[in-house]
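Commentary on secondary and tertiary structure
Here's the letter readout for the chains.
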Amino acid sequence: MDFVSIKKRLLKFSRSAWTPFAAIPIALGIGAIVLLIAGYNPLQAYAAMWQGAFKDRTAITEVLIKATPLIFIGAGLAVAFRCSIWNIGAEGQFYAGAVAATAVGIYLGDLPRFLLVPLVLIAGASSGALWGMLAAFLKNRFGANEVVTTIMLNYIAIFITGWLVTGPMIETAGLFAQTAKISQNAWLWRFLPPTRLHTGFILAVVVALVLYIIIFKTSLGYTIRAVGINPEAARYAGINVKRKVLLAMAISGGAAGLGGAVEVAAISYRLYQLISPGYGFDGIAVSLLVNNNPLGVIFSGILFGALRSGAEVMQMNAKVPSVLVFLIQGLVVLSVVAFGVYSYVSKEKEE
Amino acid sequence: MEDSMPKNNDPQTILRMEEIHKSFPGGVFANRGVNLEVRQGEIHCLLGENGAGKTVLMSVLYGLYKPDAGSIYYKNEKFDARNPKDAIQNRIGMVHQHFMLVETLSVAENIILGQYKPWKVLNNLDPVIKKIQQMSKDYGLNVDPTSLVQDLSVGEQQRVEILKALYHGADLLILDEPTAVLTPQESEHLLDFLRQLADKGLTIVFITHKLEEVMQISDRVTILRDGKTIATVNTKETNPPELAKMMVGRDVLMDLSKKEKQPGKIIFSVKNLNVKDERGLPAVKNFSFEVYEREVVGIAGVSGNGQSELALALAGLMNSEFDSIILNEISITKRDLTRLNQLGMAHIPEDRQKMGLILPFSVSENFIAETFNDRPFSKYGFLQFKTIKNYSQSLVKKFSIRVGDVDEEIAHLSGGNQQKVVVARELDRRPKFLLVNQPTRGIDIGATEFVRQQIIAERDGGAAILLISTDLEEIFALSDRILVMFEGQVMGEVSPNPDMIEQVGLLMAGKTIESVL
Amino acid sequence: AGQPAAEPAPAGEQPAAAFKAGLLAPGPVNDGGWNQTAYEALKRMETDLGAEIGYVEVEMSPAAFEKAFRDFADQGYQFILGHGNEFTDAAVAVAPDYPNTFFFLSSSRFYDPSVPNVIGLNSDSSQPCYAFGYIAAKMGTGAGLIGGMEIPPISESFTGFINGAHAVNPDFPVQVTYLGNWTDTASAKEASISYIDGGANFLLGNADFAGNGVYQAMLEKNVYGFGMFGDNTEKAPQQILANYILDYGAGLVHLADAVKDGTFKPTSNIEFGLVDDDVIYIVYNEGAATPVPQELRDEVAALYSKISSGEIDTLAPVE
Amino acid sequence: MELIPSILFLQGILAATWRMATPILYAAVGEVFSEKAGVINIGLEGVMLIGAFSAYSVAFESGSLWLGLLVGILAGILSGLIFAFFTITIKANQIVVGAAFNMIGMGITGFLYRSMYAVSAVPLGLKTFQSVEIPFLSSIPFFGEVLFKHNIMVYGTLLLVPLATFVLYKTAFGLSIRAVGEHPKAADTVGVNVVRMRYVSVMIGTALAAVGGAFLVLAYADQFVEGVVSGRGFIALAVVVFGRWKPWGAFWSSLLFGIFYALQLRIQTMPDVNIPYQFLQALPYLATLVVLVGFNKRRVQAPKTLGVPYK
Ligand SMILES: Nc1ncnc2c1ncn2[C@@H]1O[C@H](COP(=O)(O)OP(=O)(O)OP(=O)(O)O)[C@@H](O)[C@H]1O
Ligand SMILES: Nc1ncnc2c1ncn2[C@@H]1O[C@H](COP(=O)(O)OP(=O)(O)OP(=O)(O)O)[C@@H](O)[C@H]1O
Ligand SMILES: [Mg+2]
Ligand SMILES: [Mg+2]
């Protein structure tokens, strides 16, 4: 590959990756108007938000920690969406992963670390993958629309988790609706003490990278994209469409499940009823924001992590309700969309 | 020749389009100063290669596109349709190249769509249905207004389109390649019908690639090339070679030189193939045939008689039952069907956009649609972009496909060039057995000529070829033997002797071979 | 109109470093229930102690908890309340880094001498609810208990209620419904109606926001009920017989005062019960259509001392 | 179980079924319009929240439920306008915009609720729409309770569904909507304004979603709380598919959902049932899955251009 084409590619990539960032000011601007109307000082609010996300090394690592589950989920969803499967079920798949990881982390707790950590992660990934494949199976076998089935499976996964932590898996003391802590041998390494930054974040980045390569550089990814664009043509080309649907959902669910496992093994160390505050739904936006590009997901995941992280400090110090962050997230998505269309139009004109 | 165009306010002139310019974002100049003059009551053919700008010109007239420049006079007044509604209200009807029918609605619903204010209650469609039935009788169109469009054959849908235009009230009727999807009989019928309409005073603009049709039906012809008017001529004063030359800008070889058939061994044979269509009804019944080395077997038939199902079944894309299928002395089982590709079969599908191509993919990604998993295009599961690009560039050159860069999205190519990509990809695999379905449907003569030459070259190179086409001219031009298909069955075999055309037509209509010969 | 943006806490005669108290709430602080209780307690520290206060409705993910604790502690907060047992792990992880900060945990019985600055605070809702159950069984035909999710502060209050009711009549019909969330007022109301259809005429909701649906059902179907965690009389003025007031503020202000003065030296976790009659108490609604009769109030008062002395175990396992 | 209690049990469930189905049904019928025209709006949950909040705050401030409902509808229409602008005019991916709407709905209603109804304010309850007992009919045993003792917004669904069916299948407008979702170009060529049809359909969809949200605060519980919609927007999406993109289909599917929801709440009230409550709660969702799979033999296709921008 010659230098010019490398440069062109880099330019193209950075353009697509930075679009969300370019759109942030618009979203913040609209947010500021809402803040003003409600009687807050937007500058103060945003200053607090910035502080919360970036004031020092710890704050930044916390952003990365928050971004971790979003990157896992978003990168997986990018694969499903590329295959034109509208997986709204990452939330449930995340739960499935967290549950399996916890079970392994507790019940196989005596295993040595070098065995247990991989086992926990594999358990999470495969459990999430299975939960995702269930929807794919229903789609393939019965033609059941995945938007519906994945929504239903979300609820079911959450209820099963609720049952497990109030029933069979409740901690031995039996006091609270939570499981016992997983064995220390299952904990992921926090490599930058005293911060909590853990290997799970690295893993998320690696997963995003690998999924990027799979989607855009391998023949497997070629088939997944082909199925997503034109299943008829893909079938004609000898691609087994149903198998790809199953595979894409397995990858998507697997990544979400891995996210759940990492959340347990690196952060919470045990399972609660509500282990996810809606990561699965945020993940949809995280992926679509960067046009379902798994590499871009790293950026958009961090963006959302920073917004969330900052919002809490904004509430602490500027007394602005943190729910506002949902509004800002939504506005970011809309302005990215508008921005994307704008830059597309201007690009067309250039040519 | 442009000088010969009648000047202003000729009472005979119903439509005049002057210096029409229309471009699209991305630098496509579809119309670059087109002039067209149509006289009251004539049948006026518009002729031109793919992408010459015919459809765009008519779309401008019909209010679908706004021209960049130019003026239109219709019935001696400046005319400027902002949308199709304007056109319809001014009694312009258009039958579009791709059917504009909503399949899930009934015929009557399609016909009245857009005719009323939104709040109009359509509780009782009986009067509409009656009127359609009456019209359908008057025009001899035989259309049932209550059936759903999705249950109609292509020919019937075509009639619905025409009826729709007439129902809306048309003084000027535009038909964009209406015969591209019709059988010879249907085409014949349509042409007769249009003649009758014209005799009643209707003005018709007729777009086609088929020169015989032009000669047969039109009063005058306007030829477009590259978005410009080349000429308008009286049909009586011209001939097909001249028309072809004006279209393409060079002489066109109209007949194919084909070497004598040199029969070899059997390459492909099928015994008692049965296929059910999507609704579960038998579409192909006990179909048996064999194709020899260096031979083209043509399957003629009216569309909808099981040809699509036959092709899909053989390509392993549709479930089927059979006693035996043998390719190159290998007996194929049901499971193997999907692997036929690897065993030496190539398939040019009937609908390139639906099956042959993945539209948002690039040209080069489309070239590897079937071989993406094989070396050298893929190593250890990784695509080898450099190899793929080189390979694509060589194919583009070899098959003279007009495209700037092989990384360009294939959607940006013209229909003819898209078809060339499919043909190039399939032929480059040097297939033992080539299954070709409607290879030249809707592409211009230049491209048609090229594709047909390639098929013949492949035959001469030793391949066995099964050609399915509803275009009898094509069947006769290419085939060494002809099988006629009717309602899923073989009605008989005939040789491609031009004297046999009538018999083939009768077989296609369901007559038995005994009664025909 | 919104609250004024962050203004410095009324400094007054505060010492150089203002006393700061922070709250991690697991849900919106205006929920009219659990979270609001804590928020009001925080406000009390502001008014009574001149504390500088801050709160955060923390994202319900364990990842967020530790960060929120640290954000407060880093800013010099000496008193931080994690309002729920789910904050325990995070508090324990953070506490050793901030020896001068006290981390309090609601609905927790945590005490561990090795992390002496993490203290569980349990306000025993089962005790007032025991009294409610007792009243219901005396006055009613059956009771329905509607909870958000099955977590100890909820289930313990229900256990108390059932024990109280069964103390009067072991066959008194009383059942528990969980909604599975804290927001679905409509389902809460529908669950209440189910109980009423089934013959119950007492309702108790413990579901934060969703609890509003239970009050709504009392009002509409005219059945008895109780208010939880505060004075909810206005939501069903004729129907609510009594409110359980959790004046968390009263309890916390004490503690905070001690923390502020540096005199807080805990040796165990802290339990609030009926015995702390400024923190947990019951207020009868005199305006109810059928107020609780005086004899019954006397009986209930008698229960208080038995509960406080431990003679009655309000948390005894049900069946 | 004895006969009488079991009839009462059934009666209670059936009466609750319709109530529980109502908010979902409003949203689902609206979404039928939107999807028929080719636009899928997964932001229903957010729009319902916006409808609920604006209806509540106006009803609360003005004291008029009807005014609240009206403003709720207007807010829904405005949301639809914005949604349509992004998905139809800008041609953005409909799923992205829908996801954004869910966030915006959650954020803006939560934020405004905090700002406007600060902690420990005055009583925030409304006087909700009361049950209207239909004379005579409401005293029929069993059926009276099940069918004739509901509030006006529940009865409204009886008007809504036939009306929606009529509009979709018996008017030129409905014909255009159906055409626009199947084959917009065809509609375009006969003079149907595709963009306008899609805008209107989307706005009908969001207006009705807002009604569904408003129902929760004006006619069920008596005040807005954050997240009050509690997933009903997502259920409505499922109901549309399940009801095969038809108003009556949506009607029966939401009733089916309602009945399982009512059933699980009732079973929880029953003594001697020791099923973990989470399983009962999963019942409606499981049932939807099972029915979807079991009864989906005759596949009904979604509108052909669902999710695809025109041109
Ligand atoms: N909507 C469009 N956007 C961009 N380019 C277009 C569009 N429609 C047509 N074109 C381009 O305009 C040119 C003329 O197209 P047009 O459809 O008029 O050709 P045509 O003469 O009808 O060809 P054919 O015989 O294949 O139907 C082509 O190059 C085509 O690619
Ligand atoms: N919006 C568009 N942008 C770019 N290219 C377009 C656009 N719309 C149409 N085209 C291209 O314009 C060409 C003209 O369209 P048209 O349908 O007339 O194709 P065609 O050349 O006539 O082929 P066919 O014979 O298959 O109809 C096609 O190649 C199509 O891919
Ligand atoms: Mg054309
Ligand atoms: Mg064409």
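Calculation notes
- Residues numbered from 1 in each chain as written.
- Chains lettered and ligands numbered in written order.
- Predicted model: local features only at pLDDT ≥ 70, side-chain atom pairs only at ≥ 80, totals over all residues.
- Heavy atoms only, no water.
- Helix = DSSP H or I, 4+ residues; strand = E, 2+ residues; numbered from the N terminus.
- Rg over C-alpha atoms; globule rule 2.2 N^0.38 Å.
- Buried < 20%, exposed > 50% of the residue type's maximum accessible area, 1.4 Å probe, protein only.
- Contact = heavy atoms within 4.5 Å.
- Areas by Shrake-Rupley, 256 points an atom, 1.4 Å probe, with all protein chains shown as cover.
- Near = heavy atom within 4 Å.
- Polar contact = N/O pair within 3.5 Å; in protein donor to acceptor, adjacent residues only side chain to side chain.
- Nonpolar A, V, L, I, M, F, W, Y, C, P; charged D, E, K, R; others polar.
- Donors = N, O, S within 2.8 Å, 3.2 Å for Na, K, Ca; no water.
- Buried area = accessible area lost by both parts, 1.4 Å probe.
- Salt bridge = Lys/Arg side-chain N within 4 Å of Asp/Glu carboxyl O.
- Expected span 1.5 Å × (residues − 1).
- Pairing = 2+ DSSP bridges.
- Axes fitted to C-alpha atoms, helices over the stretch in contact; angles between N-to-C directions.
- Core = buried A, V, L, I, M, F, W, Y, C linked by side-chain atoms within 4.5 Å.
- Domains from an automatic or database assignment.

Next up on the list: the overall build of chain C. A tally of helices and strands in chain C yields 9 helices and 12 strands. Its C-alpha radius of gyration of 20 Å places chain C within 12% of the 20 Å reference for a compact globule of 319 residues. A principal-axis box enclosing the C-alpha atoms of chain C has dimensions of 60 × 45 × 35 Å. Residues counted as buried form 65% of the 319 residues belonging to chain C. Contacts spanning at least 24 positions in sequence make up 66% of the contacts within chain C whose residues lie at least 6 apart. Total accessible area on chain C is roughly 10500 Å²; 52% of this is exposed by carbon and sulfur atoms.

All names here are of chain B. For ligand 2, the full set of nearby residues is Asn50, Gln97, His98, Arg352, Ala411, His412, Leu413, Ser414, Gly415, Gln418 and Gly442. One of the backbone nitrogen or oxygen atoms of leucine 413 is found 2.4 Å away from an oxygen atom of ligand 2. About the coverage of ligand 2: the protein hides 52% of its 600 Å² of free accessible area. Residues belonging to the shell around ligand 2 are distributed by class as follows: 2 nonpolar, 8 polar and 1 charged.

Turning our attention to the coordination of the magnesium ion (ligand 3). Residue and element names in this part refer to chain B. Here the magnesium ion (ligand 3) is held by the protein donor atoms Thr55 (OG1) and Gln97 (OE1), which lie 1.8 to 2.3 Å from it. Metal-to-metal, the separation of the magnesium ion (ligand 3) and the magnesium ion (ligand 4) is 4.1 Å; glutamine 97 coordinates the two. One end of the pair, threonine 55, is in helix H1 (residues 54–61); the other, glutamine 97, is in the loop between strand E6 (92–95) and helix H3 (107–112), with 42 residues separating them in the sequence. What makes threonine 55 partly exposed here is its relative accessible area of 29%.

Bringing the interface of chain C and chain A into the picture now. Taken residue by residue, the interface counts 32 residues in chain C and 39 residues in chain A. Of all residues in chain C, Glu59, Lys67 and Asp89 of chain C bury the most surface against chain A, accounting for 19% of the area lost on that side. Here chain C and chain A share 5 salt bridges between them. As a salt-bridge pair, lysine 66 of chain A and glutamate 59 of chain C come within 3.6 Å of each other at their nearest N and O atoms. Counting the contacts that link chain C with chain A gives 12 residue pairs in polar contact (both at pLDDT 80 or more). When residues of the side of chain C that touches chain A are traced back to their parent elements, those giving at least two are strand E2 (52–57) and helix H2 (62–74) of chain C.

Each turn of an α-helix holds 3.6 residues, which means side chains three or four residues apart point in the same direction. Residue and element names in this part refer to chain A. Compared with an ideal rise of 1.5 Å per residue, which puts 21 residues at 30 Å, helix H6 (residues 146–166) spans 30 Å between its outermost C-alpha atoms and is within 8% of the ideal. Across the 21 residues of H6, 18 count as buried, placing the element largely inside the fold. Taking the backbone nitrogen of valine 147 as reference, a side-chain oxygen 2.7 Å away marks asparagine 145 as the first, capping residue of H6.

For the rest of this paragraph, the subject is the sheet that holds strand E21 (residues 464–469) of chain B. Residues and elements named next belong to chain B. An order of E17-E20-E21-E13-E22-E23 is seen for the 6 strands of this open sheet, with the pairing classed as mixed. Two strands close off the open sheet at either side, each with one partner strand: strand E17 (345–348) and strand E23 (489–494). With direction set aside, neighbouring strand axes in the sheet form an average angle of 20°. Across 5 bridges, the pairing between strand E22 (residues 481–486) and E23 is antiparallel. Bridge pairing in E23 links leucine 483 to glutamate 493. Packing of helix H9 (residues 307–314) onto the sheet brings it into contact with strand E13 (295–300), E17, strand E20 (433–437), E21 and E22, and relative to E20 it is tilted by some 150°. Lying over the sheet, helix H16 (residues 501–508) contacts E13, E22 and E23, oriented at roughly 30° with respect to E22.

With that settled, the discussion passes to the pairing of strand E11 (residues 266–276) of chain B. All names here are of chain B. The pairing of E11 with strand E12 (residues 282–292) spans 7 bridges and is classified as antiparallel. Paired with phenylalanine 268 across the bridge in E12 is valine 291. Counted along the chain from E11 to the antiparallel partner E12, the turn is 5 residues long, and its residue glycine 280 has a positive phi close to 90°. With 4 bridges connecting them, E11 and strand E15 (residues 324–327) associate as antiparallel partners. Bridge pairing in E15 places valine 270 opposite isoleucine 325. Of the pairings in the sheet, the one linking E11 to strand E14 (residues 320–321) comprises 2 bridges and is antiparallel in character. By the bridge assignment, asparagine 274 is partnered in E14 with glutamate 321.

With that settled, the discussion passes to the environment of serine 131 of chain D. Residue and element names in this part refer to chain D. Looking at the secondary structure, you find serine 131 in strand E1 (residues 131–133). Separated by 23 residues in the primary sequence, serine 131 and valine 154 have C-alpha atoms spaced 9.2 Å apart. Contact partners of serine 131, with chain neighbours within four places excluded, come to Lys149, His150 and Asn151.

Before going further, it helps to spend a moment on the side chain of histidine 44 of chain B. Residue and element names in this part refer to chain B. Looking at where histidine 44 falls in the secondary structure, it is placed in strand E3 (residues 43–48). There is a polar contact of 2.9 Å between the side chain of histidine 44 and the side chain of glutamate 42. Contacts of histidine 44, omitting those with residues within four sequence positions, involve Leu36, Glu37, Val38, Ile204, Val205, Phe206, Arg220, Val221, Thr222 and Thr232.

A few words now on the interface of chain A and chain D. Counting from both sides, the interface comprises 45 residues of chain A and, opposite them, 42 residues of chain D. Roughly 3800 Å² is buried in total at the junction of chain A and chain D, and carbon and sulfur atoms are behind 84% of that figure. Its largest share of buried area at the contact with chain D, chain A owes to Met152, Phe159 and Leu334 of chain A, together 16% of the area lost on that side. At the junction of chain A with chain D, the criterion picks out 3 residue pairs in polar contact (both at pLDDT 80 or more). The set of elements that each furnish at least two residues to the side of chain A that touches chain D consists of helix H1 (3–37), helix H5 (113–142), H6, helix H11 (279–289), helix H12 (294–318) and helix H13 (324–350) of chain A. Here the residues of the side of chain A that touches chain D sort into 34 nonpolar, 9 polar and 2 charged.

Turning our eyes to something else, we now look at the nonpolar core. Ranked by internal contacts, the top residues of the largest apolar core, which has 464 residues, are Met58 of chain B together with Phe79 of chain C. The dominant element in this core, judged by the number of residues it contributes, is helix H10 (residues 241–268) of chain A, at 13 residues. A domain-level breakdown of this core finds at least three residues from each of domain 1 (1–91 + 205–246) and domain 2 (266–355 + 430–516) of chain B. Each residue touching methionine 58 of chain B, except ones within four places of it in the same chain, is listed here: Met17, Leu36, Leu46, Met94, Ile174, Val205 and Ile207 of chain B. Among the nonpolar cores identified, the runner-up in size contains 33 residues, and Leu273, Val275, Ile299 and Met485 of chain B belong to it.

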